[in-house]
Amino acid sequence: MNNQVHLVLGGARSGKSRFAEQAAIESGKEVVYIATATVYDDEMQQRINRHIDDRPEHWVTVEQPLLLAEALKQHAHKDVCVLVDCLTLWLTNVLMTEQDQSTAIDSDIKSLADYKEELLGTLADLPGQVILVSNEVGQGIVPMGALSRRFVDEAGWLHQDIARIAEKVTLVVAGLPMVLKS
């Protein structure tokens, strides 16, 4: 088990990213920030810009909306703190790619299960420190649409699987961190 994986969960505007960024700073290591967001509209671009403005300029930023396990393998080192923000955006990207490719004939298409298995296997063996930020979405009502319900289910299962691997899990609510696992 990698004792350097820290899962940071929280709702929208809970302070989870700020908490994770502070933890990365406090690591004293070089920070590689893996951004998983994809710009779909002007509002999303504004959110991304806010995150860019909030983090130190000297951090290395890697934009990787889909191939997260590969990015982690490439950038994780014993003297590096890798901060991934965020897993639920990555999950959305994977689900949308899977849905877009569902009518394709190509048998080499990766499914969510493939991406998830690769990510979990990678996390278990990475050197250095990894902080994973994700939205806790399972505490609300059950969504109406099938894709939305699947997203909530998959996010919950992903969080459970990563929490088993992680040495530390923190839930951030109203800017206040609550340690769930340490």
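Presented here is a report on the structure given in the accompanying data block. Just so you know, these numbers come straight off a predicted model, no measurement behind them.

### Quick word on the pairing of strand β5 (residues 129-135)
Right, so step 1: Of all seven residues that make up β5, seven are buried, and the element is covered over most of its length.
Right, so step 2: A two-sided burial pattern is seen for β5, the buried positions comprising Gln 129, Ile 131, Val 133 and Asn 135 on one face and Val 130, Leu 132 and Ser 134 on the other.
Right, so step 3: Sheet analysis places strand β1 (residues 5-10) next to β5, joined by six bridges and oriented parallel. The residue bridging Val 8 from the neighbouring strand is Val 133, located in β5.
Right, so step 4: Pairing geometry for strand β4 (residues 80-85) and β5, over five bridges, is parallel. For Asp 85, the partnering residue across the bridge sits in β5 and is Val 133.

### Considering the side chain of Thr 97
Right, so step 1: For Thr 97, the location among the structural elements is in helix α4 (residues 87-100).
Right, so step 2: Thr 97 sits in the buried class, given a relative accessible area of 18%.
Right, so step 3: Polar side-chain contacts of Thr 97 include one of 2.8 Å to the backbone oxygen of Asn 93.

### Brief notes about α4
Right, so step 1: In this model, α4 (14 residues) spans 20 Å end to end at C-alpha, consistent with the 20 Å of a helix rising 1.5 Å per residue.
Right, so step 2: Residues Leu 87, Thr 88, Trp 90, Leu 91, Asn 93, Val 94, Leu 95, Thr 97 and Glu 98 constitute the buried set of α4.
Right, so step 3: Against β1, α3 (68-75), β4, α5 (112-125), β5 and α6 (146-165) lie the buried residues of α4.

### Overview of the environment of His 51
Right, so step 1: With respect to the helices and strands, the residue His 51 is situated in helix α2 (residues 42-54).
Right, so step 2: The exposure class of His 51 is partly exposed, given its relative accessible area of 24%.
Right, so step 3: Taking the C-alpha atoms as reference, His 51 lies 9.6 Å from Ala 35; in sequence the two are 16 residues apart.
Right, so step 4: Beyond its immediate sequence surroundings of up to four residues, His 51 is in contact with Ser 17, Glu 21, Tyr 33 and Asp 85.

### Considering the side chain of Asp 161
Right, so step 1: When you line up the elements, Asp 161 lands in helix α6.
Right, so step 2: Polar contacts involving the side chain of Asp 161 include one to the side chain of Lys 116, which spans 2.8 Å.
Right, so step 3: The contact partners of Asp 161, leaving out residues within four places of it in the chain, are Lys 116 and Leu 120.

### Some remarks on the sheet that holds β4
Right, so step 1: The seven strands are arranged β3-β2-β4-β5-β1-β6-β7 in an open sheet whose pairing can be described as mixed. The open sheet has two edge strands with one neighbour each: β3 (60-63) and β7 (176-181). In this sheet, neighbouring strand axes are inclined to one another by 20° on average, regardless of whether the strands run parallel or antiparallel.
Right, so step 2: Sitting on the sheet, α4 is in contact with β1, β4 and β5, with an inclination near 70° to β5.
Right, so step 3: Packed onto the sheet, α6 meets β1, β5, β6 (168-173) and β7 and runs at close to 145° relative to β1.

### Quick notes on the pattern of salt bridges
If the charged atoms of two oppositely charged side chains come close together, the side chains can form a pair.
Right, so step 1: Summed over the entire model, instances satisfying the criterion amount to seven salt bridges.
Right, so step 2: Of the charged contacts in the structure, one is a salt bridge between Glu 43 and Arg 47, with a shortest N-O distance of 2.4 Å. A residue pair is termed a helical-turn pair when its members lie 3 or 4 positions apart in one helix, as Glu 43 and Arg 47 do in helix α2 at four residues.
Right, so step 3: Relative accessible area serves as the criterion here: at 40%, Glu 43 is assigned to the partly exposed category.
Right, so step 4: Among the salt bridges present, the one from Arg 164 reaches Asp 161, with a minimum N-O distance of 2.2 Å. Of this pair, Arg 164 and Asp 161 both sit in helix α6, three residues apart, roughly one helical turn.

Thresholds applied
Residues numbered from 1 in each chain as written. Predicted model: local features only at pLDDT ≥ 70, side-chain atom pairs only at ≥ 80, totals over all residues. Heavy atoms only, no water. Buried < 20%, exposed > 50% of the residue type's maximum accessible area, 1.4 Å probe, protein only. Helix = DSSP H or I, 4+ residues; strand = E, 2+ residues; numbered from the N terminus. Pairing = 2+ DSSP bridges. Polar contact = N/O pair within 3.5 Å; in protein donor to acceptor, adjacent residues only side chain to side chain. Expected span 1.5 Å × (residues − 1). Contact = heavy atoms within 4.5 Å. Axes fitted to C-alpha atoms, helices over the stretch in contact; angles between N-to-C directions. Salt bridge = Lys/Arg side-chain N within 4 Å of Asp/Glu carboxyl O.

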